[in-house]
Amino acid sequence: MIVYIDHAFQRRKAAGLIRNLDDIVAAHMEGTVQRVRPKLMTVSTMLIGLVPLLWATSSGADVMKRIAAPMVGGLLTSAFLTLEIIPVIVTYWRLEQLLWDRLNALDATELLRRLRTDAAIAAIGAALVAGLGVASIYLTFPGRGLLVSELASGLVFLGGVSSYILHRPAARQMVWPAVSQQQ
């Protein structure tokens, strides 16, 4: 899905058709539409093969039901993730990328540096939270060490996100002044 979205975005960007969120959404819709039919065909074909196992009563059915049920759930959530969630996340990621590119072109280095710092702090916090979660599988933390570490990492993440949210309106105002005044 992301490959098709990227190709459509790059094609429109090369043609000079990417100026704001509406243009990004149009490019991503073009890429997403190309993947709807293949994804739905794959999911429906696999579901047609797995759903009868859920109602089976012959010998070995109790084992097959336990195997088929998570696969059916995984197929449905995979389809939803691929067709709904990923295009939305990539669209807003591209909007931030466009904002940063425009700030760079306007030579707003201080504001861009501030946004990059905030994003880096949020990324470090998220990486620490994930790393501690994985480390807790393999390591034993003394007392409440894991809880305190997770909370501190979460606060680093939330601090980076909140700082980014505070600095972003000034960047939007600089890049898209007419749009910011209408909202």
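In case you missed it, the structure is sitting above this.
About the thresholds
- Residues numbered from 1 in each chain as written.
- Predicted model: local features only at pLDDT ≥ 70, side-chain atom pairs only at ≥ 80, totals over all residues.
- Heavy atoms only, no water.
- Helix = DSSP H or I, 4+ residues; strand = E, 2+ residues; numbered from the N terminus.
- Rg over C-alpha atoms; globule rule 2.2 N^0.38 Å.
- Contact = heavy atoms within 4.5 Å.
- Areas by Shrake-Rupley, 256 points an atom, 1.4 Å probe, with all protein chains shown as cover.
- Lys, Arg positive; Asp, Glu negative; His and termini not counted.
- Charge placed at Lys NZ, Arg CZ, Asp CG, Glu CD.
- Core = buried A, V, L, I, M, F, W, Y, C linked by side-chain atoms within 4.5 Å.
- Buried < 20%, exposed > 50% of the residue type's maximum accessible area, 1.4 Å probe, protein only.
- Axes fitted to C-alpha atoms, helices over the stretch in contact; angles between N-to-C directions.
- Parallel < 35°, antiparallel > 145°, perpendicular 65-115°, else oblique.
- Left-handed = near helix turned anticlockwise from the far one by under 90°.
- Nonpolar A, V, L, I, M, F, W, Y, C, P; charged D, E, K, R; others polar.
- Salt bridge = Lys/Arg side-chain N within 4 Å of Asp/Glu carboxyl O.
- Patch = residues over 30% accessible without salt bridge, like charges linked within 9 Å, V, L, I, M, F, W, Y side chains within 5 Å.

Let us now look at the overall build of the protein. Broken down by element type, the protein carries six helices and zero strands. Counting from the amino terminus, helix and strand elements in the protein follow one another as α-α-α-α-α-α. On C-alpha atoms alone, the protein measures out to a radius of gyration of 23 Å, which is more than a quarter above the 16 Å that the 2.2 N^0.38 rule sets for 183 residues. In terms of overall dimensions, the protein has C-alpha extents of about 70 × 55 × 25 Å along its principal axes. Sequence-distant contacts in the protein: of pairs separated by 6 or more residues, those separated by 24 or more amount to 66%. Carbon and sulfur atoms provide 68% of the accessible area of the protein, an area that totals close to 11,700 Å². Of the side-chain charges in the protein, 17 are positive and 12 negative, and the distance between the mean point of each set is 4 Å.

A few words on the nonpolar core. Ranked by internal contacts, the top residues of the largest apolar core, which has 16 residues, are I18, I24, L99, L103, A171 and W176. Elements with a contribution of two residues or more to this core: α2 (21-54), α3 (61-105), α4 (109-138) and α5 (145-175). The element best represented in this core is α3, accounting for four residues. Apart from the residues within four sequence positions on either side, I18 is in contact with F9, R12, K13, D23, I24, A27, L98 and R102. Core analysis: the second largest hydrophobic core is formed by seven residues, V43, L50, A68 and V72 among them.

Packing of helix α1 (residues 2-14) against α2 brings their axes to within 8 Å, and their N-to-C directions diverge by 140 degrees. Compared by their axis directions, α1 and α2 come out oblique. Our pair here, α1 against α2, has a crossing hand that is right-handed. In this structure, α1 uses Y4, I5, A8, F9, R11 and R12 to contact α2, whose residues at the interface are I24, A26, A27, H28, E30, G31, T32, Q34 and R35.

Let's shift gears to the packing of α1 against α3. Between α1 and α3, the shortest axis-to-axis distance is 11 Å and the interhelical angle comes to 35 degrees. The two elements α1 and α3 cross, and the hand of that crossing is right-handed. Facing α1, whose interface residues are I2, I5, D6, F9, Q10 and K13, α3 presents I86, P87, V90, R94 and D101. Its residues assigned to classes, the contact of α1 with α3 shows six nonpolar, one polar and four charged.

Moving on, we get to the pattern of salt bridges. Under the criterion given, the structure shown has eight salt bridges. For the salt bridge of R19 with D23, the shortest nitrogen-to-oxygen distance reads 3.7 Å. Overall, R19 belongs to the partly exposed group, its relative accessible area being 45%. Two residues, E110 and R113, come together in a salt bridge whose shortest N-O distance is 2.5 Å. Residue E110 and its partner R113 are located together in helix α4, separated by three residues, close to a single helical turn. Residue classification places E110 among the partly exposed positions, given a relative accessible area of 40%.

One non-glycine residue, D107, lies in positive phi territory at about 60 degrees. Along the chain, D107 turns up in the loop between α3 and α4.

A surface patch of nonpolar side chains, amounting to about 330 Å² of accessible area, comprises V63, M64, I67 and M71. Relative to the elements of secondary structure, M64 occurs in helix α3.

Locating L111 in the fold gives a position in helix α4. Overall, the relative accessible area of 9% leaves L111 in the buried class. Taking the C-alpha atoms as reference points, L111 and R168, separated by 57 residues in sequence, lie 8.8 Å from one another.

By themselves, these figures tell us nothing about what the structure is for.
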